[in-house]
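Reading the structure
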Amino acid sequence: MHMKVGFIGLGNMGQPMAANILGAGHTLTIYDTRRQTGRDLEAAGAAWAENAKAVAVRSEVVFTSLPGTGAVEQVATGANGVFSGLAGGSTYVDTSTIAPSAMRRIFAAGTDQGLHVLEAPVSGGIHGAQDAALTLFVGGNAEDLERVRPVLESIGSKIVHVGPAGSGNAIKLINNLMMFVNFIGACEGVAMSARAGIDLRLFLDAIKSSMGQSRIFERTLSLFLDSGRMGANTDLAVKDLRLGIELGSELGVPLEVGPLVRDLVVRFRDAGDRGQDEFTDMIPDLLRRSGVDM
């Protein structure tokens, strides 16, 4: 079933997700504050709109992929926003990572207007977005998920309905907090192995089948050894860590490792190029500080 889809936010994740929606045969209308980001999609058959409202007027379902809570709330509920243009009975899906409390506010505002609202924060990174192999943590009503499942299946290989609005972002933030904790352990393990004279490709192969394995370890070390990039902005990493720790505080969980990891990532960001470095560059940074010449 092909649908009229809108997509707002054509960044590192939004661009490939929108391209996969278009490639699946859906009619696509797009918008981003940076006009040039839409050129390739237009060449492939998408239509450009002048603002979020104009996208919504032409769509049955509108997706957003934006950098933070404030941006999502403004684009969804602000002047000339998605909710001002969507017809009753249409669907709004946010794929960003934001505060669960904000998602609940957006859900309530949309529901009051007769709209169907879903959150679907994604996991899998840029490569997962390009390959339509993302995991989507969907929060909202199960029947609303089924209504747009054909579109979701064009961007993700695993779609998990996790509960009411707010639940999707909660599990995404928990996932990311666990990932960053695993990543710092991976950085330290890589540096120790290099100092111990162990070949890092051998180290990667040995750990992949051992209990120290994690997906973030395998992906980041593999990319580092092959001079690859994840496209994982450090500012966004800090944002996710802060939101995750705030959620832990709201839930009354006494987090100890998470805040330490946040501080380490903040220190790395503040020492670099205004957060434009990848957080995965913490691997070569720690190697350098450990006296390893790579």
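Here's what I pulled together on the structure shown here. Model, not experiment: these values are computed from the prediction.

Cut-offs and rules
Residues numbered from 1 in each chain as written. Predicted model: local features only at pLDDT ≥ 70, side-chain atom pairs only at ≥ 80, totals over all residues. Heavy atoms only, no water. Helix = DSSP H or I, 4+ residues; strand = E, 2+ residues; numbered from the N terminus. Rg over C-alpha atoms; globule rule 2.2 N^0.38 Å. Contact = heavy atoms within 4.5 Å. Areas by Shrake-Rupley, 256 points an atom, 1.4 Å probe, with all protein chains shown as cover. Lys, Arg positive; Asp, Glu negative; His and termini not counted. Charge placed at Lys NZ, Arg CZ, Asp CG, Glu CD. Core = buried A, V, L, I, M, F, W, Y, C linked by side-chain atoms within 4.5 Å. Buried < 20%, exposed > 50% of the residue type's maximum accessible area, 1.4 Å probe, protein only. Pairing = 2+ DSSP bridges. Right-handed = clockwise from strand over helix to strand, strands pointing away. Salt bridge = Lys/Arg side-chain N within 4 Å of Asp/Glu carboxyl O. Phe/Tyr/Trp six-rings, centres within 6.5 Å; stacked < 30°, edge-to-face > 60°.

What about the overall build of the protein chain?
Along the protein chain, the regular secondary structure elements total 13 helices and nine strands. Scaling as 2.2 N^0.38, a compact globule of 294 residues should have a C-alpha radius of gyration of about 19 Å, and the protein chain matches this with 20 Å. Expressed as lengths along the three principal axes of its C-alpha atoms, the size of the protein chain is roughly 65 × 45 × 35 Å. A fraction of 63% describes how many contacts in the protein chain between residues 6 or more apart in sequence connect residues 24 or more apart. If you sum the accessible surface of the protein chain, you get close to 13400 Å²; carbon and sulfur atoms cover 51% of it. For the protein chain, the distance from the average site of its 26 positive side-chain charges to the average site of its 32 negative ones is 2 Å.

Topic: the nonpolar core
Counting 58 residues, the largest nonpolar core has F7, L28, F63, V82, Y92, I106 and L152 as its most contacted members. Contact partners of L28, with chain neighbours within four places excluded, come to V5, G6, F7, A18, I21, L22, A46 and A47. Membership of the second largest hydrophobic core comes to 34 residues, among which are V190, A194, L241 and I283.

Topic: the pairing of strand β2 (residues 27-31)
For β2, the buried fraction is high: four of the five residues fall into the buried class. Sheet topology note: the strand β1 (residues 4-8)/β2 ladder contains five bridges and is parallel. The residue of β2 that forms the bridge with I8 is Y31. With respect to chirality, the unit in which β1 leads through helix α1 (residues 14-23) into the neighbouring parallel β2 is right-handed.

Side note on the pattern of salt bridges
Counted according to the given criterion, the structure contains 15 salt bridges. A salt bridge links E146 to R149, with the nearest nitrogen and oxygen atoms 2.9 Å apart. With E146 and R149 both in helix α7 (residues 142-152) and three residues apart, the pair spans about one turn of that helix. Between E218 and K208 there is a salt bridge, with the nearest N and O atoms lying 3.9 Å from each other. Remark: K208 occurs in helix α9 (residues 200-208) and E218 occurs in helix α10 (residues 215-225); sequence separation between them is 10 residues. When salt bridges that share partners are traced, they join R229, E278 and D281 into one network.

Re the packing of aromatic side chains
Tallied over the entire structure, the rule returns six aromatic pairs. Ring geometry for F83 against Y92: centres 5.5 Å apart, planes inclined by 85°, an arrangement best described as edge-to-face. Across this residue pair, the class does not change: F83 and Y92 are buried. Among the aromatic residues, those joined into a ring-pair cluster are F180, F183 and F279.

Some words on the side chain of T280
Following the sequence through the fold, T280 ends up in the loop between α12 (257-271) and α13 (282-289). Overall, the relative accessible area of 10% leaves T280 in the buried class. In this view, T280 contacts F183, T220 and M230; residues no more than four positions away in its chain are not counted.

Some remarks on the pairing of strand β6 (residues 116-119)
Inspection of the sheet shows strand β5 (residues 91-94) paired to β6 by four bridges, in the parallel sense. Each residue of the ladder has a partner; that of D94, found in β6, is E119. Crossover handedness for the path β5 to helix α5 (residues 100-112) to β6: right-handed.

Here's the deal with the environment of V82
Along the chain, the position of V82 falls in the loop between α4 (69-77) and β5. For V82, a relative accessible area of 0% translates into the label buried. When the C-alpha positions of V82 and G110 are compared, they lie 9.7 Å apart, and in sequence the two are 28 residues distant. Those residues in contact with V82 that lie beyond four places of it in its chain are I8, A52, A56, V62, V75, A76 and Y92.

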